[in-house]
Amino acid sequence: MTPQLEIYPTAEALYGAAAGRIVSTLEEALARAPAASIALTGGKTPEPIYGMLAGAPYRDRLAWHRIDFFWGDERPVGPESPESNFGMARRSLLDRVAAPEERIHRIEGESADLEDAARRYEAEVRRVVAGTPVPRFDLVLLGMGDDGHTASLFPGTAWDGARLVTPNFVPKLGATRITMTPRLVNAARAVLFIVSGASKAEALERVLHDPPDDLPAAQIRPHDGSLLWLIDRAAASRLSS
């Protein structure tokens, strides 16, 4: 697996390219099977992309009722919190395309027992997403922080690599988040990183270095799938030509 890289002049151009790539990937998945699966990402960058997907011309290209929606990670908050990754996706995309409730599989970040919530979410992934011994998502969306974290896999934290979904305590946040692990992400048919902004440039340079750095984002290397980085020029500023 060799990562592919596409650089766009502005964040707005990046958003449009990402929306188009998400739709085309899901179209291909729906042509192969009765249903498709996607793991959504949180943060600021994907929100305008989700808004694009919910509008013309993308909204009418997909059979949204045939897509199962999951999340790569969730903060320890309820679904109505402004900090909820699920809540952001629901407002910007899912409600606007009338995604059926039975196709929406959220992480219960508000649970008093995050270990139990993580295990139940892993069971839900296994129930819905085909693949043995590890379920294979058709598409996993990821972002990257300026420290090289992705999903809720942060530098300096330790997670059980044998798990598919796990709680992960992040000391600098003083909080535990539930996250998919590289074992699950790396089984996907397609992984799409979407990275914007100059603050990400140093971490991106490290992650894409050959051999890759040990930052969490560098651990995403699909075994039998594609890995595409969509980035804007600001994030690419430290990359060689």
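Since the structure is predicted, the reported quantities are computational estimates derived from the model, not experimental observations.

Cut-offs used in this document
- Residues numbered from 1 in each chain as written.
- Predicted model: local features only at pLDDT ≥ 70, side-chain atom pairs only at ≥ 80, totals over all residues.
- Heavy atoms only, no water.
- 1 Å grid on protein atoms, 1.4 Å probe; cavity = no way out; pocket = protein on both sides within 12 Å on 5 of 7 lines; lining within 4 Å.
- Points joined across faces, edges and corners; volume = space filled by probe spheres on them.
- Helix = DSSP H or I, 4+ residues; strand = E, 2+ residues; numbered from the N terminus.
- Nonpolar A, V, L, I, M, F, W, Y, C, P; charged D, E, K, R; others polar.
- Salt bridge = Lys/Arg side-chain N within 4 Å of Asp/Glu carboxyl O.
- Buried < 20%, exposed > 50% of the residue type's maximum accessible area, 1.4 Å probe, protein only.
- Arc of directions from axis to C-beta.
- Contact = heavy atoms within 4.5 Å.
- Core = buried A, V, L, I, M, F, W, Y, C linked by side-chain atoms within 4.5 Å.
- Pairing = 2+ DSSP bridges.
- Axes fitted to C-alpha atoms, helices over the stretch in contact; angles between N-to-C directions.

Describe the layout of surface pockets, listing the residues and the values that go with them.
Size it by volume and the largest pocket reaches roughly 630 Å³. Lining the largest pocket are 30 residues, and of these G42, G43, K44, R75 and H149 sit closest to its centre. Every element with two or more residues in the lining of the largest pocket is listed here: helix 2 (46-53) and helix 3 (85-94). Top element by residues in the lining of the largest pocket is helix 3. It accounts for three residues. Here the lining of the largest pocket is built from residues that sort into nine nonpolar, 10 polar and 11 charged.

Lay out the pattern of salt bridges with the relevant residues and their values.
Enumeration according to the criterion identifies 19 salt bridges in this entry. Among the salt bridges present, the one from D147 reaches K172, with a minimum N-O distance of 2.7 Å. With a gap of 25 residues between them, D147 in the loop between strand 5 (139-142) and strand 6 (165-170) and K172 in the loop between strand 6 and strand 7 (175-180) connect regions that are remote in the sequence. A residue is classified by how much of its surface remains accessible, and D147, at 19% relative accessible area, is buried. The shortest N-O distance in the salt bridge between D213 and R206 comes to 2.9 Å. A cluster of three or more residues bridged by salt bridges with shared partners is formed by E115, R119, E122, R126 and R163.

Could you give me a rundown of helix 6 (residues 201-208), with the residues and numbers involved?
Within helix 6 the residues assigned to the buried category are A201, A203, L204 and V207. With its buried residues spanning 160 degrees around the axis, helix 6 presents them on a single face. Contacts made by the buried residues of helix 6 are with strand 9 (226-232).

Before we move on, could you go through the nonpolar core and cite the residues and values that matter?
F69, W71, F137, M180 and W229 are the most contacted members of the largest nonpolar core, which totals 76 residues. In terms of residue count, the dominant contributor to this core is helix 1 (residues 11-32) (10 residues). Residue contacts for F69: discarding those within four places in its chain leaves I38, L40, W64, L93, L94, A99, R103, I104 and H105.

Go over the sheet that holds strand 2 (residues 36-40), please, and point to the residues and values.
With respect to topology, six strands assemble into an open sheet ordered 1-9-8-5-2-3, the strand pairing being parallel. The two strands at the open ends of the sheet, each matched to only one other strand, are strand 1 (4-8) and strand 3 (67-71). Going across the sheet, the axis of each strand differs from the next one's by a mean of 20 degrees, ignoring polarity. Along the sheet face, helix 1 touches strand 1, strand 2, strand 3, strand 5, strand 8 (190-195) and strand 9 and points at about 160 degrees away from the line of strand 9. Helix 3 rests against strand 2 and strand 3 of the sheet, and its axis sits at about 145 degrees to strand 3.

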